[in-house]
Amino acid sequence: MAVVTQYVVVRNGEEKMTFNSKAEADAYDKMLDMVDELLPLLERSETITDEKTIEDLAFFLARERDQVLIALGAKKPAKKAAPKAVVSKVA
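Bear in mind that the values here come from a model prediction, so they are computed numbers and not experimental data.

Caption draft 1: Quick look at the pairing of strand S1 (residues 7-11). Bridge analysis of S1 against strand S2 (residues 14-19) gives five bridges, and the strand direction is antiparallel. When the sheet's bridge partners are listed, valine 9 is paired in S2 with methionine 17. Between the antiparallel neighbours S1 and S2 lie two residues, among them asparagine 12 with a positive phi of about 50 degrees.

Caption draft 2: Representation of the pattern of salt bridges. Within this structure, the stated rule accounts for eight salt bridges. Among the ionic pairs, arginine 11 bridges to aspartate 29, the shortest N-O distance being 2.9 Å. Note that arginine 11 is positioned in strand S1 and aspartate 29 in helix H1 (residues 22-43), a separation of 18 residues in sequence. Residue class for arginine 11 comes out buried when judged on its relative accessible area of 15%. Taking relative accessible area as the criterion, aspartate 29 reaches 28% and is therefore assigned partly exposed. Between lysine 52 and aspartate 56 there is a salt bridge, with the nearest N and O atoms lying 2.9 Å from each other.

Caption draft 3: Geometry of the packing of H1 against helix H2 (residues 51-63). Their axes nearest at 8 Å, the elements H1 and H2 cross at an angle of 130 degrees. Taken together, the axis directions place H1 and H2 in an arrangement best described as oblique. Judged by the sense of rotation from one axis to the other, the crossing of H1 with H2 is right-handed. Residue-level inspection shows Met31, Leu32, Met34, Val35, Leu38, Leu39, Leu42 and Glu43 of H1 in contact with H2, the latter providing Ile54, Glu55, Leu57, Ala58, Phe59, Leu61, Ala62 and Arg63.

Caption draft 4: Structural context of the environment of leucine 38. Tracing the chain through its elements places leucine 38 in helix H1. Classification of leucine 38 as buried rests on a relative accessible area of 19%. Residues within four places of leucine 38 in sequence aside, it is in contact with Ala58, Leu61 and Ala62.

Caption draft 5: Representation of the nonpolar core in the model. Counting twelve residues, the largest nonpolar core consists of Val9, Phe19, Ala25, Tyr28, Met31, Leu32, Val35, Leu38, Leu42, Ile54, Ala58 and Ala62. Among the elements of the structure, H1 and H2 are those that each provide at least two residues to this core. With seven residues, the single largest contributor to this core is H1. Ignoring sequence-local partners within four residues, the contact set of isoleucine 54 consists of Leu39, Leu42, Glu43, Ile48 and Thr49.

Parameters and conventions
Residues numbered from 1 in each chain as written. Predicted model: local features only at pLDDT ≥ 70, side-chain atom pairs only at ≥ 80, totals over all residues. Heavy atoms only, no water. Pairing = 2+ DSSP bridges. Helix = DSSP H or I, 4+ residues; strand = E, 2+ residues; numbered from the N terminus. Salt bridge = Lys/Arg side-chain N within 4 Å of Asp/Glu carboxyl O. Buried < 20%, exposed > 50% of the residue type's maximum accessible area, 1.4 Å probe, protein only. Axes fitted to C-alpha atoms, helices over the stretch in contact; angles between N-to-C directions. Parallel < 35°, antiparallel > 145°, perpendicular 65-115°, else oblique. Left-handed = near helix turned anticlockwise from the far one by under 90°. Contact = heavy atoms within 4.5 Å. Core = buried A, V, L, I, M, F, W, Y, C linked by side-chain atoms within 4.5 Å.

If you want it as structure tokens, here you go:
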């Protein structure tokens, strides 16, 4: 018999997702917190009136948090490592 530890994210008494690592569960829970904060903001929009679209957009923005922060200028984009020059020795 194997023992398996699982982490369950629960919101308002409802199981949302199950994970095998605490870090993944915490990250998902944090994303749900962001969605909760984004929903009221997006609901104030006059251009989007469909609740499903608003919820989908909130999830998208929360999942793409880093890119949103870069677009808003609140975070610098990660610098890509420059390829190392190949140096050959000539004898």
